[in-house]
Amino acid sequence: MLTKEELEELVSAGIISQEKAAEIDAYFHQKESERPNRILIAFGILGALLVGLGIILLVAHNWDHLSRSVKTMIAFVPVITSQVLVGYALWKGRHHRTLIESTVVLLILSVGACMALVSQIYNIPGTISTFMMTWVLLSAPLVYIAHSSMASLLVLLGITYYGMDVGYNHRGGQLPYAYWGIILVLLPYYWKLIKDYPKSNFTVFHHWFFPGSIALTLGVFGAEQEFWLFPAYMSLSVICLVLAEKVRGESLFQNGYQVLGFAGVFIILLLSTFDFFWDEVREMDRFFAGREFILTLALSVLSVIVSLLLKNISKSSKWIISGFLFLTLFVFGRYFPTIAQVVANLAMMFLGVFYLRAGARTGRLAKMNLGFLIIMAVVLSRFFDSEISFVLRGLIFVIIGMAFFAANYYMMKQKAHE
Amino acid sequence: MNKKIVWILFALLCLAQWIVPGKMIWDKEEIIENGREYRFLVQPIDPSDPMRGKYVVLSFNPRTFIAESEGLKIGDPVYITLYEDSDGISHPFELKLDRPDEYADYFEAQVERLNGGEVDIAYPFDRFYMEESKAPRAEAIFRESFSDVAQETVAIVHILQGKAVLKDVQIGGVSLAELAEE
C-alpha cells in the first residue's frame, strides 16, 4: 500500500493525476476495510469453541431426572440454533469471516453433542471411531458450503483421530481407507486457500495440520514389514521439505512443512546411527515385500512428482537426492549393516558440520546451534551403544560444551560489533 | 458456487444433521417399544475400575464361545441365541454365524477376539450411562451388591430382531439410578 506522501509525490512528479491518486487511495481504503480483523476472528472462534465445548460438558452431565423424550428434544436445541446462526451468516455473505467461522464451529460441536447425548440416552456402546466418522461426515460439507477454514481444521482433527483409532487400536492391521478419502476431499479447499490467501493464518495452520495428520496416520501401514516404515517416513519428510521450498514463510512458524520435514529427517537419520536399527534390518524375514515396501517406493516417487508439479526441482533436488540416498543405504544395510551404520553416522556428522559452518558464515545463531545440536545428538547416541570410559565421555562433552559456548559468545560479540 | 446451490446444499446438510441422530433415536425407540424384554445377570467385574467416565461397564458371561471361526474377522457380526431359566433370567447359549429366524431369541454381537476355535464377543449392551453426581455412589453400590449373594444385579435389555437396547440396571429389583439417588 502506498502512503499519502508517496501518492502526493507521484502526483507532483506528474506520473498520475490528482483523480487517479484519489482513486488509488479509495481502493486501498476499501481493501483495508474488507480485510477481516484477525483479532476479531480469533476471539469469535474462541468464543464459539468455548460455548460449544460448554454444551458438550453440560450434555456429559447426563441429566437423569429428565425423561427420555425431553432429553432427546434437548439434544436438538443446540443443533437447530447453530443451523439458524450459520444460515444467517451465509445470508450476510461470505466476507463476514468472523460470523461464518464462529457459527460453523458452534454447529460442528453441537452436532457432536447431539450424537453423544443420543448415545447416552440409549446406552449405545459403539466405538469412538464410528462416532468420529459420523461426526466428520456430518461436518465436512461445511468446508465447501460455508468456505470455512475452521470446519476444514476440525474435520482434519476428527479424521486423524479416526484414522489412528482404526489403524492402531482396532481390527489388527486394517487400513482406514475412509481417512484417505476425507483427506482427498479436503485437498481442493486447501489448494484454494494456498492460492487465494497464502499469508492467512488459516493457511499457515493448514500447513501444520495437513502434514501433521498424515505423519500421525502413516504408521497404520505397519504390518509384518514394519521396518520399511522408516524409509517411508524419510520419504514423507522429503516431500514435506519439497513443499517447504514452495511455502517459504517469513518465520518458521509459517512453514510447518519445513519444521516437520526437518524433524523427520533428523529423527530417522539419528535412529539409523544406532546398531539396533541395522540389526533389525538384517533380521527382517523377507526384504523386498509387504505393503510398507510398496508405500516407501510410492512416496519416493511421489517426492519427485510433487517437485516436478511445483516446478522447484532445482531448489528441492538436494532433499530428493538425500531421500533416495537414504533408501539406497537402507537396502545396502540389509547386506552390510556395519558399513551402513558408519555411513549414517558420517552423514549425520556432515549435516551437523554443514549447519554449523553455514550458520557461522551467515551469522545466523539458530542455524549454527542446530549444527551443534546435531553433532551433540550423534555423540550422545554413540555413548549408548559403545563402551567408552566415563572419563573420555566426560572429556568429550566438556569440549563440545565449551566449543558451543565459545562459538555462541563469539557470534554474539560479532553481531554487537556490527 | 451459485448462491442457490449453496442454500440447497446447506438445507440438505441441516436435514442430514437431524436425520442421522433422529434415525438413531427412531431405531432404539422401536426396539424399546416393540422388542421383548430380557433379563441378564451382570457378572462381577474388575472392582478396581467398574466406572469409566460417566458410565458403568457391565460384564456378562460367557464372553467366549466355541464356534467354527474360519473366515471370521474381528468386528464381524455374530448371533448369540438365548434360553430363559425358571427365574426369568436369560442366558447366552450358542454362537451362530447366520442370523436365526425372527422368532428365535437372540441378539447380534461383534467378534472382539479370535483364538483358534474360540470366539470372544463384545456385548452390544455393556455400557450404562449415569448422571455424573451419581456415578461415584453407583460404583460403591455396584461393588457391594457383588459381595451380597442374595442381591442379584440384572441388566434389563430390550431386543428386537437381534438389535438390543440396554434399558436399565437393577440391583434386587431397584434401578441403579434410583439406588444412587438415595
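Check the entry above for the structure.
Residues numbered from 1 in each chain as written. Chains lettered and ligands numbered in written order. Predicted model: local features only at pLDDT ≥ 70, side-chain atom pairs only at ≥ 80, totals over all residues. Heavy atoms only, no water.

K.L.:
With reference to specific residues and values, describe empty space enclosed by the protein.
P.N.:
Residue and element names in this part refer to chain A. Summed over all chains, the structure comprises one cavity of 30 Å³ or more. When its volume is computed, the largest cavity comes out at roughly 30 Å³. Lining the largest cavity we find Ser235, Val238, Ser300, Ser303, Ile320, Gly323 and Phe324. Ranked by residues supplied to the lining of the largest cavity, first place goes to helix H15 (residues 313-335) with three residues. Grouping the constituent residues of the lining of the largest cavity by class yields three nonpolar, four polar and no charged. (1 Å grid on protein atoms, 1.4 Å probe; cavity = no way out; pocket = protein on both sides within 12 Å on 5 of 7 lines; lining within 4 Å. Points joined across faces, edges and corners; volume = space filled by probe spheres on them. Helix = DSSP H or I, 4+ residues; strand = E, 2+ residues; numbered from the N terminus. Nonpolar A, V, L, I, M, F, W, Y, C, P; charged D, E, K, R; others polar.)

K.L.:
Describe the nonpolar core, listing the residues and the values that go with them.
P.N.:
Soluble, globular proteins show a tendency: their nonpolar side chains are buried together. Counting 51 residues, the largest nonpolar core has Val104, Trp135 and Leu142 of chain A together with Phe10 of chain B as its most contacted members. Residue contacts for Trp135 of chain A: discarding those within four places in its chain leaves Ile108, Leu109, Val111, Gly112 and Met115 of chain A. Counting 44 residues, the second-largest nonpolar core is a separate cluster that includes Leu310, Phe330, Leu351 and Ala377 of chain A. (Core = buried A, V, L, I, M, F, W, Y, C linked by side-chain atoms within 4.5 Å. Buried < 20%, exposed > 50% of the residue type's maximum accessible area, 1.4 Å probe, protein only. Contact = heavy atoms within 4.5 Å.)

K.L.:
Requested: an account of the interface of chain B and chain A, with residues and values cited.
P.N.:
Contacts between the two partners involve 39 residues from chain B and, on the opposite side, 36 residues from chain A. Both faces considered, chain B and chain A share a buried interface measuring about 3200 Å² in area, 63% of it formed by carbon and sulfur atoms. Inspection of the region where chain B meets chain A yields one salt bridge. Taking the shortest distance from any N to any O, the salt bridge between Glu29 of chain B and Arg68 of chain A comes out at 3.0 Å. When contributions to the side of chain B that touches chain A are tallied by element, the ones reaching two or more residues are helix H1 (3-34), strand E9 (127-129) and strand E11 (163-171) of chain B. No other element matches the 18 residues that H1 of chain B contributes to the side of chain B that touches chain A. Looking at the side of chain B that touches chain A residue by residue, the class counts come to 24 nonpolar, five polar and 10 charged. (Buried area = accessible area lost by both parts, 1.4 Å probe. Salt bridge = Lys/Arg side-chain N within 4 Å of Asp/Glu carboxyl O.)

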